[in-house]
Amino acid sequence: MTYPGDGRLPVVYVRGFAGGPSGIDSAVADPFYGFNEGSVQVRVDGADRPAFHQFESPLIRLMQDHGYQLLVHGNQAAYLADQETGSVPAATIWVHRFYDEFAPHLTKDPNPFSIERAASSLLDLVQLVRRQTGAPRVFLVAHSMGGLVVRSMIQRAVPDAERIGGSLDAATALVDRVFTYATPHGGIEFAIGGGLLEKLRDLTGVAGADIFGPARMKEYLTPTTVPVPSGDFDATVMPEGGFPHDRLFCLVGTDAQDYDVAMGLSARAVGSRSDGLVQIDDAYVRGTPRAFVHRSHSGRFGIVNSEEGYQNLRRFLFGDLQVTATLTDLRLPGTPEDGTDWQLEVALSIRGLPVVLHEQSTAHLCPVQIERVQDPATTPDSAGTPVPLLRTFLSSQATRPPDPTTGARAATMRHVLSLRLLSLRKKQGLLSFLDHLEQTADWQDVLVVDIGADAGGAPATWGVWSSTLGGAIRDWSPDPAHDPPLQDDEPEPRHWRVRVPLPEAARGLLGAQAAVTIEVVPRGTLDSAQPA
């Protein structure tokens, strides 16, 4: 069976940290290493009664929504190896069972767990999947430490491999995209202990947890045969010239409270600004696409078994549009000496989804910090640094809800960007609450963005602020014949940039020229793909 070229590459799941021998035994007893777990979310309806939203698991949803197959046949690896080359369907799901060889109840005198060994066996699996399916590349989807196994493969194992290695970007020929859930890309740090807990962990290697310290991370993320750019090692930075940053997506959890491992001791040790195990700033690689969701590291309210996680996953793997939103040309009031800090809360919703796809807020300890011009007196015409709001992915083929009046499929893809501007005062370096109004925004509004086609069938974008609609957002629909789309400022074909000025109420705070600039760029799943 040759690869059909429809964008559905094989998916390989890589699980997270299991801890010591008993945890490894428990992990290998699960046939799908936990990716089959779902969840139930409760909401309140108009009569104050609980309404349930069931999430089946990312494994099942890929089969339901995208026609993937899960070929087990008693042993996935053995089944795969026994097939004829190119005979296995490409739209299949595979679980990297790297812990099996380290499980005490499966192996006599098992060796201690090794990230390098797990990365090497992942490379073997990737090569086998490519050969047996005929797919040119694979998708890698990883939770927690599994993301470090993946990075060890693409940053060390592949560059060091004979025949297929030899360069920092060698993994691009094997791996199309990588999606990580709550991976400690910068290691695991604690909010208590002043660094002593990290030193004790790295010195003793208790339960193999030293893999989350900088010394071990440098070992398994650095190739031995290929030179890397010089400089201090930073685990959250992938070397230039290596695996492309835009092909790695990091999903960041912000709910520490619901992580109940060790009766909540882990969450207290790591701190509130985390998912209960991984601090927010350590959960992504610099310069890569990412989204923040209010989910914990694992458990009942975990990030993997969440609708938020799956919807980001499917759009990153299969989406054919990349959308970025940036706050541009802003001018904050006051001066750098007035002691005022400005923060922006951002939330992204997409029509037809029951969850928020991305959310940065003060309540979740991760608002967008706005940088002001350092010296407006000497640079009166300069605006502040553009503030990135989000980078997300959309599929033009995704199911859209029917129009309530005609019953036809909605003509546009709609995503809604909620913005809230808040200010905090400081006095002598400390927050001052003398004139503070908690959780009260200086300005807030909702930007409704529709992507579709104009009257002539060409791609077009519309943007309108909710405060100008005078009614429910759902009742507004752009009419290509009467509502002119936003002006495209990008001359390059198949790439458009539009600018939505802020509403009048915001211009006194953020400047008369402040706007949300939106860029939409088509993307393909298999650009320049070569046969396996």
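Computed from a predicted structure; not experimentally measured.

Attention now goes to the overall build of the protein. What the protein contains, in helices and strands, is 10 helices and 19 strands. Relative to a compact globule of 532 residues, whose C-alpha radius of gyration would be 24 Å, the protein shows 24 Å and is just as compact. Principal axes of the C-alpha set define a box for the protein whose edges measure 70 × 60 × 55 Å. Within the span of the protein, comprising 532 residues, buried residues form 50% of the whole. Considering only contacts within the protein whose residues lie at least 6 apart along the sequence, 70% involve residues at least 24 apart.

Within the structure shown, the criterion is met by 21 salt bridges. For arginine 201, the salt bridge identified is with aspartate 202, shortest N-O distance 2.8 Å. Given a relative accessible area of 30%, aspartate 202 falls into the partly exposed group. The salt bridge involving arginine 499 is made with aspartate 329; its shortest N-O contact spans 3.7 Å. Taken together, the residues arginine 499 in strand 18 (residues 496-501) and aspartate 329 in the loop between strand 9 (321-328) and strand 10 (340-350) connect sequence positions 170 residues apart.

To continue, consider the pairing of strand 14 (residues 413-427). Pairing geometry for strand 10 and strand 14, over 11 bridges, is antiparallel. The residue bridging tryptophan 342 from the neighbouring strand is serine 423, located in strand 14. Judged from the nine bridges that link them, strand 14 and strand 16 (residues 443-453) form a sheet pairing that is antiparallel. Opposite arginine 420, over in strand 16, you have glutamine 444 as the bridge partner. Two strands pair when backbone bridges link them, and strand 14 and strand 15 (residues 430-432) are joined in this way by three bridges, in the antiparallel orientation. Within the sheet, the bridge partner assigned to lysine 426 lies in strand 15 and is leucine 431.

Whenever strands of a sheet pair, they do so through backbone hydrogen bonds, lying parallel or antiparallel. Reading across the sheet, the six strands line up as 4-1-5-6-7-8 and stay open at both edges, with parallel pairing between neighbours. For this open sheet the edge positions go to strand 4 (93-95) and strand 8 (290-293), each flanked by a neighbour on one side alone. Direction aside, neighbouring strands of the sheet carry axes that sit 15° apart on average. Across three bridges, the pairing between strand 1 (residues 11-14) and strand 4 is parallel. Along strand 4, the bridge assignment pairs valine 11 with isoleucine 93. Packing against the sheet, helix 4 (residues 115-133) makes contact with strand 1, strand 4 and strand 5 (138-143), and its axis sits at approximately 145° to strand 5. Along the sheet, helix 9 (residues 307-318) contacts strand 1, strand 5, strand 6 (175-181), strand 7 (248-253) and strand 8; its crossing angle with strand 6, the most-contacted strand, is approximately 165°.

To continue, consider the packing of helix 5 (residues 145-160) against helix 7 (residues 214-221). Where helix 5 contacts helix 7, the two axes come as close as 8 Å, and the packing angle between them is 45°. The angle between helix 5 and helix 7 falls in the class oblique. On helix 7, the residues touching Leu148, Arg151, Ser152, Gln155 and Arg156 of helix 5 are Met217, Glu219, Tyr220 and Leu221. Along the lines of polarity and charge, the residues of the contact of helix 5 with helix 7 split into four nonpolar, two polar and three charged.

Further remarks concern the confidence of the model for the protein. The predicted model of the protein averages 90 in pLDDT, with 94% of residues at 70 or higher. In the predicted structure, residues 378-383 sits below a pLDDT of 50 and forms eight contacts with residues beyond four places in sequence or in another chain. Every residue in residues 527-532 scores below 50 in pLDDT, and together they form 12 contacts with partners more than four places removed in sequence or on other chains.

Within soluble globular proteins, side chains that are nonpolar generally end up buried alongside one another. One finds Tyr13, Tyr99, Leu122, Leu140, Met153 and Val175 to be the most contacted residues of the largest nonpolar core, which totals 94 residues. If you tally residues by element for this core, the top one is helix 4, at nine residues. Discounting residues that sit within four places of it in the chain, tyrosine 13 has contacts with Phe35, Pro58, Leu59, Leu62, Ile93, Trp94, Val95, His96, Val141 and Leu313. Leu321, Met413, Leu502 and Leu510 belong to the second-largest nonpolar core, a separate cluster that totals 39 residues.

Turning next to the state of the cysteines. One pass over the full model with this rule turns up zero disulfides. Free of any disulfide, cysteine 250 has its nearest neighbouring cysteine sulfur in cysteine 366, separated by 15 Å. Taking the relative accessible area as the measure of exposure, cysteine 250 reaches 0% and is therefore buried. On the basis of relative accessibility, which here comes to 1%, the residue cysteine 366 falls in the buried class.

Cut-offs used in this document
- Residues numbered from 1 in each chain as written.
- Predicted model: local features only at pLDDT ≥ 70, side-chain atom pairs only at ≥ 80, totals over all residues.
- Heavy atoms only, no water.
- Helix = DSSP H or I, 4+ residues; strand = E, 2+ residues; numbered from the N terminus.
- Rg over C-alpha atoms; globule rule 2.2 N^0.38 Å.
- Buried < 20%, exposed > 50% of the residue type's maximum accessible area, 1.4 Å probe, protein only.
- Contact = heavy atoms within 4.5 Å.
- Salt bridge = Lys/Arg side-chain N within 4 Å of Asp/Glu carboxyl O.
- Pairing = 2+ DSSP bridges.
- Axes fitted to C-alpha atoms, helices over the stretch in contact; angles between N-to-C directions.
- Parallel < 35°, antiparallel > 145°, perpendicular 65-115°, else oblique.
- Nonpolar A, V, L, I, M, F, W, Y, C, P; charged D, E, K, R; others polar.
- pLDDT = per-residue confidence, 0-100.
- Core = buried A, V, L, I, M, F, W, Y, C linked by side-chain atoms within 4.5 Å.
- Disulfide = S-S within 2.5 Å.

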